[in-house]
Amino acid sequence: MKFISSLSCTVVLALGLFGAVHSASAQSGPSLGLQSFELLRGWRMDNGRHMAAVRIRLDKGWKTYWRSPGGVGIPARFDWSGSKNIDSIRFHWPTPHIYTNAGVTTIGYKDELVLPIEFTPKSGAQDIVINADVEFGVCSNVCLPATSRIDAVLSKTTEADVAVIRAALADRPQSGASAGVRTVTCSLKPSQDGFEFRAKLRTATALSDHTLAVVEYPNADFWIDGAQTQLSGRDLIVSSTLFAVSDAPVILDRSQLRLTLFDKALAIDIQGCPAG
């Protein structure tokens, strides 16, 4: 099975890893700034899925990156080849921080990241076997690639590290509805290079001039350019170009578009962008 999760198809728009565990390990290659890469074993949920996490601990002041790292960040890449009994994998990224240095914006976590990972097994009666190679970035004054290996057997009776993982889950961005996003509409106009994208969002309270928006689309056939953003009262306007990498005809699924807004202590995750 060749199953790779690459978290690199995003761009910043500026406005302003079990039952009794038979085997569970995480090894890290040596890397400046990296203290440890640890597997948190988690638990089997009532719905049959398994919630686990990886915990990256860094030297003081060092950072690692969110799924959309920003202009010069290194996105995480998980290669699940050799793993067994996995139907799907879902990452639950906690709210990151915004860092600006010399005019360059990056998005990530300082000192530590606990990243919950939800595994859906093909067969709930069988163990989930995890064999994964992980590549990610760490950064201080310099940004360096780091690697780690995860080997684990996740059974139905695992229950470990629950409080730490639940805390990371609770720290995710709010949904659009819970954060007071009243309306979201998008327009997509075909262009010579792909699609011209424009989103209009109305929130219950006006966002500030320092709001930062991230646009994501999980398809390597597209590259998203930087954007013009504008605030008008409670309306946030985000516009950009989604460049088609291939010359072959492509169809863009609006339901797969994802917008994340950051404004001071507020982070809003908006899934899908209907026509309007």
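Just above, that's the structure.
Heads up: these notes are all about the structure in this document. (Residues numbered from 1 in each chain as written. Predicted model: local features only at pLDDT ≥ 70, side-chain atom pairs only at ≥ 80, totals over all residues. Heavy atoms only, no water.)

What to know about the nonpolar core
Working step 1: W80, I117, F119, I130 and F136 are the most contacted members of the largest nonpolar core, which totals 36 residues.
Working step 2: At six residues, the largest contribution of residues to this core is made by strand β12 (residues 128–139).
Working step 3: If we ignore the near neighbours within four places in the chain, the residues touching I130 are W80, S83, I86, F119, I150, D151, A152 and L154.
Working step 4: Membership of the second largest hydrophobic core comes to 25 residues, among which are L201, L207, V215 and L259. (Core = buried A, V, L, I, M, F, W, Y, C linked by side-chain atoms within 4.5 Å. Buried < 20%, exposed > 50% of the residue type's maximum accessible area, 1.4 Å probe, protein only. Helix = DSSP H or I, 4+ residues; strand = E, 2+ residues; numbered from the N terminus. Contact = heavy atoms within 4.5 Å.)

Considerations on empty space enclosed by the protein
Working step 1: There is about 80 Å³ of room inside the largest cavity.
Working step 2: Along its surface, the largest cavity is lined by 16 residues, and I56, T64, A76, W93 and F136 are the ones closest to its centre.
Working step 3: Elements supplying a minimum of two residues to the lining of the largest cavity: β5 (50–58), β6 (63–70), β11 (112–120) and β12.
Working step 4: When its residues are assigned to classes, the lining of the largest cavity shows 14 nonpolar, two polar and no charged. (1 Å grid on protein atoms, 1.4 Å probe; cavity = no way out; pocket = protein on both sides within 12 Å on 5 of 7 lines; lining within 4 Å. Points joined across faces, edges and corners; volume = space filled by probe spheres on them. Nonpolar A, V, L, I, M, F, W, Y, C, P; charged D, E, K, R; others polar.)

Description of the sheet that holds strand β4 (residues 34–44)
Working step 1: The five strands lie next to each other as β8-β11-β5-β4-β14, forming an open sheet whose pairing is antiparallel. Since the sheet does not close on itself, it has two edges, and those belong to β8 (88–91) and β14 (159–160), each with one partner.
Working step 2: Relative to β5, β4 runs antiparallel, the two being bridged by eight bridges. Bridged to W43 within β5 is M51.
Working step 3: With respect to the sheet, helix α1 (residues 162–170) is in contact with β4, β5, β11 and β14, its orientation differing from that of β4 by roughly 95°. (Pairing = 2+ DSSP bridges. Axes fitted to C-alpha atoms, helices over the stretch in contact; angles between N-to-C directions.)

A closer look at α1
Working step 1: Taken residue by residue, α1 has I165, A168 and L169 as its buried positions. Along the long axis of α1, the arc covered by the buried residues comes to 100°, so they all point the same way. Facing away from the buried side of α1, by more than 90 degrees, are the exposed residues A163 and A170.
Working step 2: Looking at the buried residues of α1, the elements they touch are β4, β5, β11 and β14. (Arc of directions from axis to C-beta.)

Observations regarding the state of the cysteines
Working step 1: Across all of its chains, the model carries two disulfides by this definition.
Working step 2: Across the disulfide from C186 sits C273; the S-S distance is 1.3 Å. Handedness of the C186-C273 disulfide follows from its S-S torsion of about 45°: it is right-handed. In this pair, C186 sits in strand β16 (residues 181–190) while C273 sits in the segment after β23 (266–271), placing the two residues 87 residues apart along the sequence. (Disulfide = S-S within 2.5 Å.)

Considering the pattern of salt bridges
Working step 1: Counted by the stated rule, this structure contains 10 salt bridges.
Working step 2: For the salt bridge of E118 with R49, the shortest nitrogen-to-oxygen distance reads 3.2 Å. In this pair, E118 is assigned in strand β11 and R49 in the loop between β4 and β5, connecting sequence segments 69 residues apart.
Working step 3: For E118, a relative accessible area of 6% puts it in the buried group.
Working step 4: Overall, R49 belongs to the partly exposed group, its relative accessible area being 34%.
Working step 5: Residue R67 is joined to E216 by a salt bridge in which the shortest nitrogen-to-oxygen separation is 2.7 Å. Linking R67 in strand β6 with E216 in strand β18 (residues 212–216), this pair joins segments that are 149 residues apart in sequence.
Working step 6: Overall, E216 belongs to the buried group, its relative accessible area being 7%. (Salt bridge = Lys/Arg side-chain N within 4 Å of Asp/Glu carboxyl O.)

Don't take any of this as a statement about function, it's just geometry.
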